[in-house]
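# Structural overview
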Amino acid sequence: MILVVAEQRGGTLNRASWEALACAQQMGGEVSVLVVGAGVDAVARELSAADVRDVVVVNHTALADYTADGYTAAVTDVLSRITPDVVLFPHTYQARDFAPKVAARLNRVAITDVVAVKRDGDRVVFVRPVFQGKLLADVVSEGDAPCIVTVQAGAFQAAAVRRGASAAPIRQLDVQIDEAAIRQKPEPPFQESRQAVDLTQAERIVSVGRGIKEQANIAIAQQLADAMHAELAASRPICDAGWLPMDRQVGSSGQTVAPKLYVALGISGAIQHLVGMKGSQTIVAINNDRDAPIFEVADYGIVEDLFEMVPALTAALKS
Amino acid sequence: MDTLVLWLLVLVFAGAFVAQVAARVRLIAIAPNTFEITHPATRVARVLVEVFGQRTTIRERPIAGVAHAFVFWGFIAFAPYTASEFLAGLGIVDVTDSGWFAAYRILLTPCAMAVLLGILFLLVRRTIIRPAGLGTNVSIESVVIALFITTLMATFLLTWWIDESTTAGRINWWVHVSVILGFLALIPGSKHLHLVFSPITWFLKSPTLGNLPNLDFEKEEVGLETVKDLGSKAVLDAFTCVECGRCQVNCPAWGAGKTLNPKTIILQTEEALLAGTRDRALVDLYSAQALWQCTTCGACENQCPVGVEHLPILIGARRGAVSNGHAPDYLGAMYNNLERRSNIWGLSYGEREKFVETAGLETFDPAKHDVLIWLGCAGAFDADYQKSMRSLFEILRAREVRFGVLSKERCTGDAARRTGNEYVYQELATANIETLTAAGPKTIVTSCPHCVKTIGDDYRTFGYRVEIVHSSVYIAGMLNELQPDETAPASTVTYHDPCYLGRYGGTVDEPRALLARMNAQVNDPVRSRDNPSCCGAGGGLLFADKEEEPGTRISDMRLTELQKTGASTVVTACPFCSIMLKGAQASRQADVHVVDLMTFVNGRVRKL
Ligand SMILES: Cc1cc2nc3c(=O)[nH]c(=O)nc-3n(C[C@H](O)[C@H](O)[C@H](O)COP(=O)(O)OP(=O)(O)OC[C@H]3O[C@@H](n4cnc5c(N)ncnc54)[C@H](O)[C@@H]3O)c2cc1C
Ligand code: SF4
Ligand code: SF4
């Protein structure tokens, strides 16, 4: 059995939980979901739509805010009663914080940052990047079950989660938590970035530069972004001119982004811009100047007039 | 009777003078000693030119400067006269009846008129014209001093009409003498203390701009944290400042409406020293915001007429702040880049290798190559600046200069040093010096003026000596071999002197010679040559998250000045200036083209 530990904050489910769930379903076998918090029944109901054996809910006032000690205590307590083969966490900041603690507490193997799962006979092989993503390693747990695994965001598709014919049963589980043993005292959360738009979370970005010429032409880029389900971003001059809001600026004095796909339209590729997007997985540049520095970092370079290329691309994507 | 009264007065007033000066000298004496007297000949020569020749005073503000010079030279001319009058008055020795003295008095008369003219002009300027650099309030003390000087001259001139032995003559004499005594008592507490200190300050000012002591980590030196850490030169500076505001009006940060005002920094220092708040944190005294707004352009220091050095104070205080973990976030990110990737952008070394390969660069070998090309962070990683590097390579190759690059080159540490992260700087410097020593170049050529400064001046203090020249200097050395392509259209350009090239390096003629050689007509902007206004990138500000806050962008201000020349092309010779000015151009959609010097030259030189 695979247990997926879903992540919620203040009663809102983290999207990455669905991705972990998709991974579990793909691995095959029975899947159970665990959600921990205080007053998280609605989250449990949301999760019960998936094709899983059951959804286990742990409600406790000490779990209202995330603390490493509290959540570790809750999950280890659950694991003393349910005994899955694998426990899957989404590889979020929260899981990064306490999943290793759970593994250490139980003296079990932890495999983090998994991007794919394979089978080798009856052994489960987890694939994880090493050397800053330069290589992929196949990893097999040789320790006792359960093995603690975190699943990298974006590696599995949330949309791929199979829905159940009817809602899965929801099980309440009581846990013992010694509140005095929780050493962390959470402060009210604060928004780290002042940005209204969080481009860092976007999977795809269409970014506009001065090649767009006029504010009215932004619409062309917007259409492409819509067709690609991408966020719109820009170089500094575009935001300085007020053609797009400041919080859409990418670069050294804007946001640093690393989407899977970054499409640069009429951006020359000044270093102040490059340092903000060089981490993107795939970079596509459309620029009519063959010598534009952006082509130094682009995986796909299109030397073309963007006013011809972009509408054509949009049309092709739509059909 | 007169003699006795004068004796009493002299003792009282001279005593007041000595006591006040002594209080300040004591503060200088207890400060950590930072006095240096290397290159004494240079220092003496500079005292002559700057103090007696009034070079900086006149250069920056010719009219007010000449007026000041009249007053100053007049003072010198009058010194023997005053001394003689006092000696006579005190009954020690009387030479005032000699024929010599009579001749001397005749000679002094035009001097007195020049002083009068000068001081009246300065008085009008201070009270009526009131330039911004002098502050918003009229300094009463300065007015009093000006009136004193006027009175001194008037009473001297009156002696031609009033016989000294008459009552009127005696009154005139007493007025003259009392004013001198009053002046004496006023000097130490006022900006006029520069009369006493400025020759010393000039003598002790470092012969190289932006000279900083290396921190010794073995001795647990962490930079300047509180007022008591300020070195003796900084304390002397604070008491020498004449509050003229030359530093202020030349400061790009102040000009762009930032918090920083270099004059305020010096006045705050003086105030804290006199108030005795020795444990006051410098970050609080100067304000953290102001501290991080300095581009280290050096304009303040270079334009100061009395030899004040702002940079050791500002950078010293930054060091103290960094040591306590108080650097702005954007610098933290840059330091990370330097620590992990040894370059300011945080890019992987593979990128540099890619460039080295595609540009066909060989690894430097002293047996094979004439010069070592130092790429710098921009040359190695900035695809835009690499165009300029490729142009340089093309020019060199066409003239059969054999050159190579290091297989591994780290950032020189300029940005770390100027922002006070001495630890990271020294790590980089040590590693680079090791690599360079092993490679053994005789001459290094680079397009980055910051690298010239850091390797040329700063590395020298670690005992590493090499000839490092900016590419403009190296290429200008081959001027005769460069023929312009006569088919290229005529061009009017303006040249932006990078601070680290023009002001720090004194390289102002070579870039212009290259431009002229390429048949370009060069229109100089306001603020050029060795006093350019800054592009805004230095001192770590290239990485600032909000260039426009507070106030406006320094780069924008500079671009506007450059545009006012009417030239359609702006040429510059520093990768950072290039980024800043191109950034300003792009943001304003300005109708002007910014290009680096090497690209410009290569585009117009006749291909061999
Ligand atoms: C302190 C500082 C901080 C900065 N921070 C940032 C930052 O955070 N983010 C940022 O982006 N910039 C930043 N900049 C500005 C940066 O240096 C560049 O000026 C800016 O990125 C250039 O924007 P651009 O590429 O849109 O414009 P340009 O450099 O003008 O490039 C426009 C490009 O469009 C192409 N083009 C024109 N017409 C067409 C067409 N019809 N079809 C296709 N292509 C076309 C041109 O060939 C050209 O390459 C900063 C600058 C400074 C000084
Ligand atoms: S170095 Fe330049 S920016 Fe810094 S205080 Fe002096 S004039 Fe201002
Ligand atoms: S520091 Fe120098 S330039 Fe600045 S106000 Fe004082 S005397 Fe003038």
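Each value, and the rule that gives it
- Residues numbered from 1 in each chain as written.
- Chains lettered and ligands numbered in written order.
- Predicted model: local features only at pLDDT ≥ 70, side-chain atom pairs only at ≥ 80, totals over all residues.
- Heavy atoms only, no water.
- Domains from an automatic or database assignment.
- Near = heavy atom within 4 Å.
- Polar contact = N/O pair within 3.5 Å; in protein donor to acceptor, adjacent residues only side chain to side chain.
- Areas by Shrake-Rupley, 256 points an atom, 1.4 Å probe, with all protein chains shown as cover.
- Helix = DSSP H or I, 4+ residues; strand = E, 2+ residues; numbered from the N terminus.
- Nonpolar A, V, L, I, M, F, W, Y, C, P; charged D, E, K, R; others polar.
- Buried < 20%, exposed > 50% of the residue type's maximum accessible area, 1.4 Å probe, protein only.
- Contact = heavy atoms within 4.5 Å.
- Pairing = 2+ DSSP bridges.
- Axes fitted to C-alpha atoms, helices over the stretch in contact; angles between N-to-C directions.
- Parallel < 35°, antiparallel > 145°, perpendicular 65-115°, else oblique.
- Left-handed = near helix turned anticlockwise from the far one by under 90°.
- Salt bridge = Lys/Arg side-chain N within 4 Å of Asp/Glu carboxyl O.
- Phe/Tyr/Trp six-rings, centres within 6.5 Å; stacked < 30°, edge-to-face > 60°.
- Lys NZ or Arg CZ within 6 Å of the ring centre and 35° of its normal.

This paragraph deals with the domain arrangement of chain A. Segmentation of chain A into domains returns domain 1 (2-181) and domain 2 (199-318). Using C-alpha coordinates to define each centre, domain 1 of chain A is positioned 36 Å away from domain 2 of chain A.

Right, let's talk about the site of ligand 1 for a bit. Near ligand 1, the surroundings consist of 33 residues, among which A:S235, A:V250, A:S253, A:S268 and A:H273 are the closest. Those chains with residues close to ligand 1 are chains A and B. Contact distances for ligand 1 include 2.6 Å between an oxygen atom and a side-chain N or O atom of A:S235. A:H273 is positioned with one of its side-chain polar atoms (N or O) 2.7 Å from an oxygen atom of ligand 1. Protein chains shield 91% of the accessible area of ligand 1, which is 990 Å² for the free molecule. Of the residues forming the shell around ligand 1, the biggest block, five residues, is contributed by helix α28 (residues 575-588) of chain B. The class makeup of the residues in the shell around ligand 1 is ten nonpolar, 15 polar and eight charged.

A few words now on the environment of A:G37. Residue and element names in this part refer to chain A. Tracing the backbone through its elements, the reader meets G37 in strand β4 (residues 31-37). The class of G37 is buried, set by a relative accessible area of 0%. Sequence separation of G37 and E7 is 30 residues, and the distance between their C-alpha atoms is 9.1 Å. Filtering out sequence-adjacent residues up to four positions away, G37 remains in contact with Q8, V58, N59, H60, L63 and Y71.

All names here are of chain A. Taken in spatial order, the three strands line up as β8-β9-β10 in an open sheet, and their pairing is antiparallel. Strands at the two margins of the open sheet, each flanked by one partner only, are β8 (116-120) and β10 (135-139). Between one strand axis and the next, the sheet turns by 30° as a mean value, whatever way the strands run.

Another point: the packing of helix α26 (residues 509-517) of chain B against helix α29 (residues 597-604) of chain B. Residue and element names in this part refer to chain B. Relative orientation of the contacting elements α26 and α29 amounts to 25°, with a least axis distance of 10 Å. As judged from the angle between their axes, α26 and α29 are roughly parallel. Between α26 and α29 the crossing geometry is left-handed. Of the residues in α29, those in contact with P511, L514 and L515 of α26 are L597, M598, F600 and V601. Along the lines of polarity and charge, the residues of the contact of α26 with α29 split into seven nonpolar, no polar and no charged.

Bringing the environment of B:F70 into the picture now. Residues and elements named next belong to chain B. Among the structural elements, F70 can be located in helix α4 (residues 62-89). As for F70 and V115, which are separated by 45 residues in sequence, their C-alpha atoms are 5.3 Å apart. For F70, the contacting residues outside a window of four places in its chain are A114 and V115.

The next thing to look at is the packing of helix α5 (residues 218-228) of chain A against helix α9 (residues 306-318) of chain A. Residue and element names in this part refer to chain A. The interhelical angle for the contact between α5 and α9, taken along N-to-C directions, is 25°, at an axis separation of 9 Å. One way to sum up the angle between α5 and α9 is to call them roughly parallel. Crossing of α5 against α9: the hand is left-handed. Contacts from I220, Q223, L224, A227 and M228 in α5 reach F307, V310, P311, L313, T314, L317 and K318 in α9. Of the residues belonging to the contact of α5 with α9, the class tally is nine nonpolar, two polar and one charged.

With that out of the way, let us pick up the environment of A:V263. Residue and element names in this part refer to chain A. Mapping V263 onto the fold places it in strand β15 (residues 261-265). A relative accessible area of 5% means that V263 is categorised as buried. Spatially, the C-alpha atom of V263 lies 12 Å from that of H229, the residues being 34 residues apart in sequence. Excluding residues within four positions of it along the chain, V263 makes contact with I205, V206, S207, M228 and V284.

Residues and elements named next belong to chain B. The tally for this structure, following the rule as stated, stands at 38 salt bridges over all chains. Among the salt bridges present, the one from D497 reaches R512, with a minimum N-O distance of 2.7 Å. Placement of D497 in the loop between β5 (491-496) and α25 (499-503) and of R512 in helix α26 is noted, with a sequence separation of 15 residues between them. In this structure, D497 and R512 share a single accessibility class: buried. With a closest N to O distance of 2.9 Å, R553 and E548 form a salt bridge. What makes R553 buried here is its relative accessible area of 10%. Salt bridges sharing partners connect three or more residues here, namely R319, D414, R417, R418, E422 and D458.

Moving on, we get to the packing of aromatic side chains. Counted under the stated rule, the structure contains 20 aromatic pairs over all chains. Relative to A:F98, the ring of A:F89 lies with its centre 5.4 Å away and its plane at 85°, an arrangement referred to as edge-to-face. Of the two residues, A:F89 and A:F98, both sit in the buried class. Ring geometry for B:F217 and B:Y423: centres 5.4 Å apart, planes at 70°, overall edge-to-face. In this pair, B:F217 sits in the loop between α8 (194-204) and α9 (232-240) while B:Y423 sits in helix α22 (residues 422-439), placing the two residues 206 residues apart along the sequence. B:F217 gets classed as partly exposed once you look at its relative accessible area, which sits at 32%. Ring pairs connect the aromatic residues B:F78, B:Y81, B:F101, B:Y104 and B:F156, which therefore count as one cluster. If you follow B:R170 out to its NZ or CZ, it ends over the ring of B:W173, 4.8 Å from the centre.

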